[in-house]
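Chain residues, written in single-letter form:
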Amino acid sequence: VCDNATLSCESGANFIGNGQGEEHQRGIEIVGVNNVQINGCNIQNFTYGIYIKNAINITIDDNTISNNNQTGIYIGEFTKNSTFNNNTLGNSNSLNTQSRGIWMRSANPTANGGGNNLITNNTIFNHTSSGIYLADSSDVNNISGNIIYNNTNGIINNQSTSTTIRNNSIYSNSLNGITLIENS
């Protein structure tokens, strides 16, 4: 994907990996670019459904992201001012391979130039680790209006500060709805 790109899958385009679990297999990779929109896509059977790193002003909305071996949406370092809205992230097969719906890692607004991301109005279910996982100083983000259920943990915030978590519907997770760990 390049700068200022829009990928709209209105005609029902599918991105389907081989499901073999290769370490770095990505359905859509957004790295080192700005102003990208991805919407209406069905992405499944990769290691990462959507992989984002070193990117600004990314909009991911109205996608179905399922059955990936690691994570539905990975948001890595230097990712900021991005919106993740109205996506469906889950495992729909009996293997439950997708461990995290959304994994935000090192998206720190000061040290790593990230943060100020919105995770809103998503439906996130059936993950073996967590629906949403913030780690390693993924600071200054907003998580609101999501429906998060049937995961091991709903939301885990591990060493990430100044993130607003509000107005989410979090239920039927086997361990915790919201877990705050060390400096969260």
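The structure contained in this document is the topic of the report that follows. (Residues numbered from 1 in each chain as written. Predicted model: local features only at pLDDT ≥ 70, side-chain atom pairs only at ≥ 80, totals over all residues. Heavy atoms only, no water.)

Next up on the list: the nonpolar core. Ile30, Ile50, Ile52, Ile60, Ile73, Ile102 and Ile132 are the most contacted members of the largest nonpolar core, which has 28 residues in total. Leaving out residues up to four positions away in the same chain, isoleucine 50 has contacts with Ile28, Ile30, Ile43, Ile60, Ile65, Gly72, Ile73 and Tyr74. Core analysis: the next-biggest nonpolar cluster, separate from the first, contains 7 residues, Tyr48, Tyr51, Trp103 and Tyr133 among them. (Core = buried A, V, L, I, M, F, W, Y, C linked by side-chain atoms within 4.5 Å. Buried < 20%, exposed > 50% of the residue type's maximum accessible area, 1.4 Å probe, protein only. Contact = heavy atoms within 4.5 Å.)

Note on aromatic pairs: each is described by the distance of the centres and the angle between the planes. Inspection of every chain in the model, using the stated rule, returns 6 aromatic pairs. A ring pair is formed by tyrosine 51 and tyrosine 74, whose centres lie 4.8 Å apart and whose planes are at 15 degrees; its orientation type is stacked. Of the two residues, tyrosine 51 is situated in strand E6 (residues 48–53) and tyrosine 74 in strand E9 (residues 71–75); the sequence distance between them amounts to 23 residues. Note on tyrosine 51: relative accessible area 9%, which makes it buried. Residue classification places tyrosine 74 among the buried residues on the basis of a relative accessible area of 5%. Among the aromatic residues, ring-to-ring pairing joins Tyr48, Tyr51, Tyr74 and Trp103 into one connected group. Sitting over the face of the ring of tyrosine 51, arginine 26 holds its NZ or CZ atom 3.5 Å from the ring centroid. (Phe/Tyr/Trp six-rings, centres within 6.5 Å; stacked < 30°, edge-to-face > 60°. Helix = DSSP H or I, 4+ residues; strand = E, 2+ residues; numbered from the N terminus. Lys NZ or Arg CZ within 6 Å of the ring centre and 35° of its normal.)

Geometric descriptors of this kind do not, in isolation, establish any biological role.
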